[in-house]
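Structure assessment
What follows is the residue order along each chain.
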Amino acid sequence: MDLARALDYSHYARRLVSAHPALRDELEATLDAPFDAGAALAALAPLAGGDDAAALHAALRRLRQRAMLHTLSRDLTGRAPLAEVFATMTTLADGAIGLARDFHHRDLARAFGEPRAADGGAAQSLHVIALGKHGGGELNVSSDIDLVFAYPDEGETDGARAIANREFFDRLGRRVIGALDEVTADGFVFRVDMRLRPYGDSGPLTVSFAALEQYLVTQGRTWERYAWLKARVVAGDRPGEVTALVAPFVYRKYLDFDAYEGLRDVHRQIREQARRASHGDDIKLGPGGIREIEFTVQAQQLVRGGREPALRIAGTVDALAAIESLALLPAGAVDALGDAYAFLRHVEHRLQYRDDRQTQRLPTDAVEVDALAAACGFASVAAWREALDAHRRSVDTWFSSLFGDASAADEASPFAGVWDAPHAETHRALLAEAGFDDPDALVATLAAMRGAHRYTSLPVQSRRRFDKLMPALIAAAAAEPGAAGAQATLARLVALLEAIARRSAYLALLIEHPPLLPRIAALCGASPWAAGYLTRHPMLLDELLDAEALLAPPDWNAWRRELAGAMAERPDDTEWQMDALRHFKQAEVFHLLAQDLAGALSIERLADHLSALADVVLDATLAACWRQLAGPDARPPPFAIVAYGKLGGKELGYVSDLDLVFLYDVAADDPDADARPALYARLAQRINTWLTSMTAAGELYATDLRLRPDGAAGLACTSIGAFRRYQETSAWTWEHQALTRARAAAGDARLGDTFEAMRVEILRRARDAAALGRDIVAMRRRMHEGHPNRSGRFDVKHDRGGMVDIEFIVQFLVLAHSAAHPALTRNAGNIALLGTAGELRLVDAARAAAVADAYREYRRLQHTQRMAGAAQARVDPAPQAARRAEVERLWQDVFGAPRGD
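Residues numbered from 1 in each chain as written. Predicted model: local features only at pLDDT ≥ 70, side-chain atom pairs only at ≥ 80, totals over all residues. Heavy atoms only, no water.

**Considerations on the packing of aromatic side chains**
Evaluated as defined, the whole model comprises 19 aromatic pairs. Between Tyr 664 and Tyr 680, the aromatic rings sit 5.2 Å apart at their centres with planes inclined by 40°, giving tilted as the arrangement. Taken together, the residues Tyr 664 in strand β9 (residues 658-664) and Tyr 680 in helix α34 (residues 676-692) connect sequence positions 16 residues apart. An aromatic cluster of at least three residues, connected via ring pairs, comprises Trp 626, Phe 639, Phe 662, Tyr 664 and Tyr 680. Looking at Arg 312, its charged tip hangs above the ring of Tyr 251, at a distance of 5.6 Å from the centre. (Phe/Tyr/Trp six-rings, centres within 6.5 Å; stacked < 30°, edge-to-face > 60°. Helix = DSSP H or I, 4+ residues; strand = E, 2+ residues; numbered from the N terminus. Lys NZ or Arg CZ within 6 Å of the ring centre and 35° of its normal.)

**Quick notes on the nonpolar core**
Formed by 101 residues in total, the largest nonpolar core has its most connected members in Met 470, Ile 520, Leu 541, Phe 639 and Leu 660. Here the element with the most residues in this core is helix α32 (residues 603-630); it accounts for 14 residues. Excluding anything up to four places from it in sequence, Leu 660 contacts Leu 618, Ile 641, Val 642, Ala 643, Leu 647, Leu 691, Thr 703, Asp 704 and Leu 705. Within the second largest apolar cluster, 93 residues are counted, among which are Val 128, Val 192, Val 234 and Ala 333. (Core = buried A, V, L, I, M, F, W, Y, C linked by side-chain atoms within 4.5 Å. Buried < 20%, exposed > 50% of the residue type's maximum accessible area, 1.4 Å probe, protein only. Contact = heavy atoms within 4.5 Å.)

**Focus: the pairing of strand β2 (residues 127-131)**
Most of β2 sits inside the fold, with five of its five residues counted as buried. Side-chain alternation along β2 places His 127, Ile 129 and Leu 131 on one buried face and Val 128 and Ala 130 on a second face that is also buried. Bridge analysis of β2 against strand β3 (residues 145-151) gives five bridges, and the strand direction is antiparallel. From the neighbouring strand, Val 128 faces β3, where its bridge partner is Phe 149. Pairing between β2 and strand β7 (residues 232-235): three bridges, direction antiparallel. Opposite Val 128, over in β7, you have Ala 235 as the bridge partner. (Pairing = 2+ DSSP bridges.)

**Concerning the packing of helix α22 (residues 439-451) against helix α25 (residues 486-500)**
For the pair α22 and α25, the least separation of the axes is 11 Å and the interaxial angle reads 10°. As the angle between them shows, α22 and α25 are arranged roughly parallel. Contacts between α22 and α25 pair Pro 439, Ala 441, Leu 442 and Met 449 from the former with Gln 487, Leu 490, Val 494 and Glu 498 from the latter. Looking at the contact of α22 with α25 residue by residue, the classes come out as six nonpolar, one polar and one charged. (Axes fitted to C-alpha atoms, helices over the stretch in contact; angles between N-to-C directions. Parallel < 35°, antiparallel > 145°, perpendicular 65-115°, else oblique. Nonpolar A, V, L, I, M, F, W, Y, C, P; charged D, E, K, R; others polar.)

**With respect to the confidence of the model for the protein chain**
Mean pLDDT over the protein chain stands at 91; residues scoring 70 or higher make up 96%. Of the regions scoring below 50 in pLDDT, residues 404-410 engages in eleven contacts with residues more than four places distant in sequence or in other chains. (pLDDT = per-residue confidence, 0-100.)

Written out as structure tokens, the structure reads:
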């Protein structure tokens, strides 16, 4: 559409250029560039600093005319993207409010003095808080602006005619409204709507910060959380204080699934309003309209914004992008909603360009419809209507499915009576047919639960939700019994339900998302350890919502980026950061657990991922602790965390301890060299505290620091030079054994490389093979004596022919032969090193392969036993006899004599 047709389409523009021909000349000269609202507002500064209110008000209205004419012309001619229209109108509103507020504040202060707190402190200013589309930076071209006025403290002005701050700011507020809203010969600047202030039209025009906070805490309703989600201070010198008092009202500390009930009520009201005949052609309030898109987005923000700072965004477009990055809506939903939002906002603007009228209602007159379709860029009304209807159907579909199929939880369950009136005679046949192997015991357990204090003392709402969930849990256990069987699976589900019963948000989550229950039942039925992990960390229930994301392949680099972003949110809040580390680790472990139970990961690959996860967490912990000690601008220290044992060998399990040693280096020319050891010792101690402290989110990792030089009696942190000297002159054989699978897991890469070169050098030292063998055999004997097994079952780790034997064989081969065969120094794991030893003909290759297979099977058995909840990996010895014999033969080959233990 060319400029002439654009001006012809807008009756408002036609009237404006007819009355002010110079505007047409200005428009034609500047049309190819966006309207610079900031510069235009700055040009009004002399008026704003003067004494003529009428002149300022008139200038603001003429500025609005220019901005409106320029913006609609650029939009209709295809020059302005939607974001430009939003930005121009939002900037204009922000600036006009600021100029009007500042002018009238000065005028009132001349009469009454400056408003001050009761203690006579600094002068105070009116804070103008924008809500709605203005607050979100997405203001319409002909929209009103939703404002709230607040001021910091009660008190009075300091002039000769002193008045209370409340009276001063009420007067100022009325003047600001008049400066913007009053219709004069030049029109208006913006229509002002104050109904979203505390208590609405019946409330005071302005409120103190304390009164605002009190209102939100004690009176704020769910729909007001929606309104305040878009709050933005557009004028005032203490915006951070406003944000700080509003945020806890809008965003709860954790995932706010409790909000679903209130959201569902708002959802119902919106849907009922949209279905009214009077709203059928309203692209904002009607079915599939703008409000439904905004609600869909804001519901995600309210529920999850407490845990996901990235969602605390006022604008709908930006919030959709954040939702997409966090994968909170199904694939395709974000694109569909984003496209529909842009389309509907374009239509909305064209409706308003016609007569500068705040309307979202589609015309019924055929001529008007033709003009609107053409202004939207369509060749025909039919094509425009088809596109409009497609977008609205899409929005309607996603809006309807926002909470999932919650009705499923309300359907009559065949097991409702089992929970409501647990009697064995009545329900025995039903439960037996459903797969429960002891219906009488189950009914007795349920009856005891109903009478227990834990249940009867629940708040009414929580007990109602508990009652709704119990029949669904019984059905889920029957449908997904797993290896444990329906009865054992239900017992694990009940333990989870009882653990979360007093946290009603989790009960709400399960009710609002019925598909979660079969997933939880499948997980609980597969592994008691997995069920226990979920019960200890119920926040992980949220991870089950997106099955696709749950089973997505791990991305170690993405882990680092995600954790770094989370830690950067509150860099000075120690408690928050420690919990953030724990929540991150727990979520990623849970993802791996789900993939493990689904058979998507081998034992070796699982250990790789768990080890990489620990590396990521250690790096982030080191960085956070260093920032605390040295300040945010300090360079990363020459400090490394060396991993031994399971983590060092990349064989970490779900519950493995971390065997760690802390190393540092000091440059020869460091002016603070003498102070570095004490500083790095504090760093090491702090890292260990962060890892092992039990917070509300649990423990991060258990650690073992006894492998450092001189063990428990040694320093918490060792210089690389001292570590080398210790290894060369004082280390025991078992400490060199441990070194065979040590690696730098986190910290300074250069120091890590230095450690690795030193490790290889130590391992390649020439050794007396016979003396080495005697030392290792003696150490093995002591370890065996320290783990007696009188069970009659085979302990796959500690018994003869088990994992420790294999590990000691490999360690001997590395220490005895690395001088001649450097390939043995690779930290490649026991299985790979056995293969290398066979290839080098240090041992029989076939026997080495058989023992490697045994080690692989032992790891599988150990993992299976752990997942079954066993404290020790002890199994029937008969199926393992052949493997144990192969290990014993290789032991004899390597060490040359039968063992006396």
